[in-house]
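Geometric and topological summary
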Amino acid sequence: MGNKIIVAESERLILRRYTKEDIQDLFEYLSDKEVVKYEPYKPLSFDETKENLEWRIGTDEMIAVELKNMHKMIGNVYMGKRDFEALEIGYVFNQNYWGKGYAAESCKALIQQAFSNGVHRIYAECDPDNKNSWKLLEALEFQREAHFRKNVYFWRDETGKEIWKDTYVYAKLNDNM
């Protein structure tokens, strides 16, 4: 594994910190319009991806997901620290690897690790139009706690008017606490 810092492992995946060598794999999915469709950013150029990778290397909240058998980085899970021993989870994966259970497998490993380390609550926010995301959260036994109507906007239309979006909030509690 060289200089890679492993956070967790699952049957098929290595969950680790980012390295400079991840640039091509990161660009492959962050430049994909379909992958970032529900994210608060547009597809990134190669230079923007290099800048974004520097940030990812410098934070412990972004976790790279690598296939064990190919040593290819195929996505990431976000685990952001929040108040009251809570974490916020999010995920973005290269669309060439969608539908294979990698997001669920990586999230399960990180959720289990977080709960064993005393985290009380993990929550996620997602766009109601992103059915794959909220279906994954439900499969991971998160419960929908809220549906905020037109509470955020990331973009404006051609006239400068905000494009408001709804948000689902899901959460999972640590049953061992």
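Below is a summary of the structure that appears in this document. (Residues numbered from 1 in each chain as written. Predicted model: local features only at pLDDT ≥ 70, side-chain atom pairs only at ≥ 80, totals over all residues. Heavy atoms only, no water.)

Glancing now at the pattern of salt bridges. Tallied over the full model, the rule gives 15 salt bridges. Where Glu-141 meets Lys-172, a salt bridge forms, and the shortest distance between an N and an O atom there is 3.6 Å. Here Lys-172 lies in strand S8 (residues 162–173) and Glu-141 lies in the loop between helix H4 (131–139) and strand S7 (143–156), a separation of 31 residues in the sequence. Among the residues examined, Glu-141 registers a relative accessible area of 60% and is labelled exposed. Sharing partners across several salt bridges, the network here consists of Arg-16, Asp-22 and Glu-66. (Salt bridge = Lys/Arg side-chain N within 4 Å of Asp/Glu carboxyl O. Helix = DSSP H or I, 4+ residues; strand = E, 2+ residues; numbered from the N terminus. Buried < 20%, exposed > 50% of the residue type's maximum accessible area, 1.4 Å probe, protein only.)

Right, let's talk about the state of the cysteines for a bit. Applying the stated criterion across every chain, the model contains zero disulfides. In this structure Cys-107 is not part of a disulfide, and its nearest cysteine sulfur, from Cys-126, lies 12 Å away. (Disulfide = S-S within 2.5 Å.)

In this section: helix H1 (residues 23–30). Regarding H1, the residues found buried are Ile-23, Asp-25, Leu-26, Tyr-29 and Leu-30. The buried residues of H1 occupy an angular sector of 165° when the element is viewed end-on, so they sit on one face. Tucked inside the fold, the buried residues of H1 contact helix H2 (46–58), strand S4 (72–82) and strand S5 (86–93). (Arc of directions from axis to C-beta. Contact = heavy atoms within 4.5 Å.)

Residues Val-77, Met-79, Ile-89 and Ile-122 are the most contacted members of the largest nonpolar core, which totals 34 residues. Among all residues touching Ile-89, those that are not within four sequence positions of it are Val-77, Tyr-78, Met-79, Cys-107, Ile-111, Ile-122, Tyr-123, Ala-124 and Phe-142. In terms of nonpolar packing, the next biggest core, distinct from the first, is built from 14 residues, Tyr-29, Leu-30, Val-36 and Ala-64 among them. (Core = buried A, V, L, I, M, F, W, Y, C linked by side-chain atoms within 4.5 Å.)

Strand order across the open sheet formed by eight strands is S1-S2-S3-S4-S5-S6-S8-S7, with mixed pairing between neighbours. Pairing within the sheet leaves two strands with one partner each, and these edge strands are strand S1 (6–9) and S7. Across the sheet, the mean angle separating the axes of adjacent strands is 30° when strand polarity is ignored. Inspection of the sheet shows strand S6 (residues 121–126) paired to S8 by six bridges, in the antiparallel sense. (Pairing = 2+ DSSP bridges. Axes fitted to C-alpha atoms, helices over the stretch in contact; angles between N-to-C directions.)

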